[in-house]
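Structural overview for review
The residues making up each chain are set out below.
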Amino acid sequence: MAKRTNHVIVVGAGLGGLAGALHLRSAGYEVTIIERQPGPGGRFGALEIDGFRFDVGPGGAPALRDLSAVLGVVGERLDDWAEVQVLDPVCRAHYPDGATIDVFDDPHRTAEAIAAVCGRAEARAYLRWRRWGALAGLTDPRTRRLFGAAALFGYDPIGESRCVRGGGDALARIMASVCEKHGISMWYRMRVGKWKTERDRVVAVVTDGGESVPVDAVVLPRRTVGRGPSCLMLHLGAAGSYGRIARRNVHFGRAWRRSRHELLVRGELMRDPTIAVEDSGGGAYRVAVPVPDLRLAPMDWDGIAARAYAGEIVATLEARGYLDLGMSLSVSYVVTPAHWARQGMAYGIPFGDSSHTRRHPALANVVYSGSGLQGGRRAAHWIMGSLS
């Protein structure tokens, strides 16, 4: 009699859950993904309002080399599934004195852009930093702000030079399609209501519809505390266009040190904020503003304060060159730390940690997955080891 194939339930069709499912499937396991939403994506979903399409994730989509590696475990190539764009420039930094520095995929082109604004010595320091990772070698405050901005945002606002057309939501849809092709069952609009145990193991999960599903192991999303501050996201649909911006942009305020202190130490909103703007095309703009997390500053983001601060951000962008932005808006959708917290992100911090993969303290065949592709991979390998 043939041995039964082990069946693993993965709860959540975010990038981590999808990645874990593909790794498990590549090892021969039967896998079912249970997702409460109507489609995949988790934090990297999409939103359509009045003809504008927005990525609703907090930023920091995974590198395509990592996505290629995940697809590769089941023998798939990213180029067969997606149209890959190369951003040129990758990001444009805007400074209060009107100067701009473009960051390119080619570090020597970036060095030339730095030299034009900060001088040759700083350009050489940048190349040394790229090679050795010594940020202390940069002496100009403009380059130190640009390449140290990840600590302020919680993710690197410069981002990767290569991206999938369609944004973070497209990544999730691609991964879900690959899952389905390779026989992974996708159950949407469904929750795990409870589970049945024998001694220290889960033997079945029961959906909210009452269906009992035999199982050999379960992967759960971990409610992790991310690193860095939280983030206020403005999804803006506007009639205007702005020729001085790139696809990705970072706009720095004058009071950099004071703003960092307000945000990271005092737990206050930045009075002179640094803002990231992504031009998604067609008048759709995604605006990210670092704000304190709910542990440092338990603010009432469901009240009028969120809309008031969003209005201040729009006014700040107008002062920094987005002329008449407020008047041209037909869509303004704001995502706050309170939204992130309701999605299970501790203290409203939407930037998870892939290293937070942990075994359940009482159940030997249940593992909590850290976030992202690497968190899913780690969870899958833990399951493989426990069932081998």
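Look a little higher up for the structure.
Predicted model, so just to flag it, every value in this text is computed and none were measured.

Looking at the side chain of T143
Within the secondary structure, T143 is located in helix α5 (residues 141-147). Within the local environment of T143, its side chain forms a polar contact with the backbone oxygen of D140, the two atoms lying 2.9 Å apart. Those residues in contact with T143 that sit more than four places away from it in its chain are Y95, I114, C118, E122 and L138.

What to know about the sheet that holds strand β1 (residues 7-11)
The pairing of strands in a sheet comes from backbone hydrogen bonds and takes either a parallel or an antiparallel form. Read from one edge to the other, the open sheet built from six strands follows the order β9-β2-β1-β13-β20-β19, with strand pairing classed as mixed. The sheet is open, and its two borders are formed by β9 (185-187) and β19 (358-359), each paired with just one other strand. Relative to strand β13 (residues 217-221), β1 runs parallel, the two sharing three bridges. Bridge pairing in β13 places V8 opposite A217.

Quick look at the nonpolar core
Counting residues in each nonpolar core, the largest one holds 62 residues, and the members touching the most others are L146, F147, L234 and V287. Counting 40 residues, the second largest nonpolar core, distinct from the first, contains L18, L78, I383 and M384.

Let's talk about the pattern of salt bridges
Across all of its chains, the model carries 18 salt bridges by this definition. In this structure, the salt-bridge partner of E262 is R258, at a minimum N-O distance of 3.5 Å. In this pair, E262 and R258 both sit in helix α8 (residues 256-265), four residues apart, roughly one turn of the helix. For R258, a relative accessible area of 39% gives the class partly exposed. The salt bridge partner of D272 is R320, with a shortest N-O separation of 3.0 Å. Here D272, found in the loop between α8 and β16 (275-281), pairs with R320, found in the loop between α9 (304-319) and α10 (325-328); they are 48 residues apart in sequence, far enough to count as distant. Residue classification places D272 among the buried residues on the basis of a relative accessible area of 16%. Ionic contacts of the salt-bridge type, sharing partners, join the residues R77, D79 and D80 into one network.

Side note on the sheet that holds strand β12 (residues 212-214)
Read across the open sheet, the three strands follow the order β10-β11-β12; overall the sheet is antiparallel. Each having just a single partner strand, β10 (192-198) and β12 make up the two edges of the open sheet. Neighbour to neighbour, the strand axes of the sheet diverge by 30° on average, direction disregarded. With three bridges connecting them, strand β11 (residues 201-207) and β12 associate as antiparallel partners. Counterpart to V206 in the pairing with β12 is S212.

So, how was this worked out
- Residues numbered from 1 in each chain as written.
- Predicted model: local features only at pLDDT ≥ 70, side-chain atom pairs only at ≥ 80, totals over all residues.
- Heavy atoms only, no water.
- Helix = DSSP H or I, 4+ residues; strand = E, 2+ residues; numbered from the N terminus.
- Polar contact = N/O pair within 3.5 Å; in protein donor to acceptor, adjacent residues only side chain to side chain.
- Contact = heavy atoms within 4.5 Å.
- Pairing = 2+ DSSP bridges.
- Core = buried A, V, L, I, M, F, W, Y, C linked by side-chain atoms within 4.5 Å.
- Buried < 20%, exposed > 50% of the residue type's maximum accessible area, 1.4 Å probe, protein only.
- Salt bridge = Lys/Arg side-chain N within 4 Å of Asp/Glu carboxyl O.
- Axes fitted to C-alpha atoms, helices over the stretch in contact; angles between N-to-C directions.

This is a description of form; function is not addressed.
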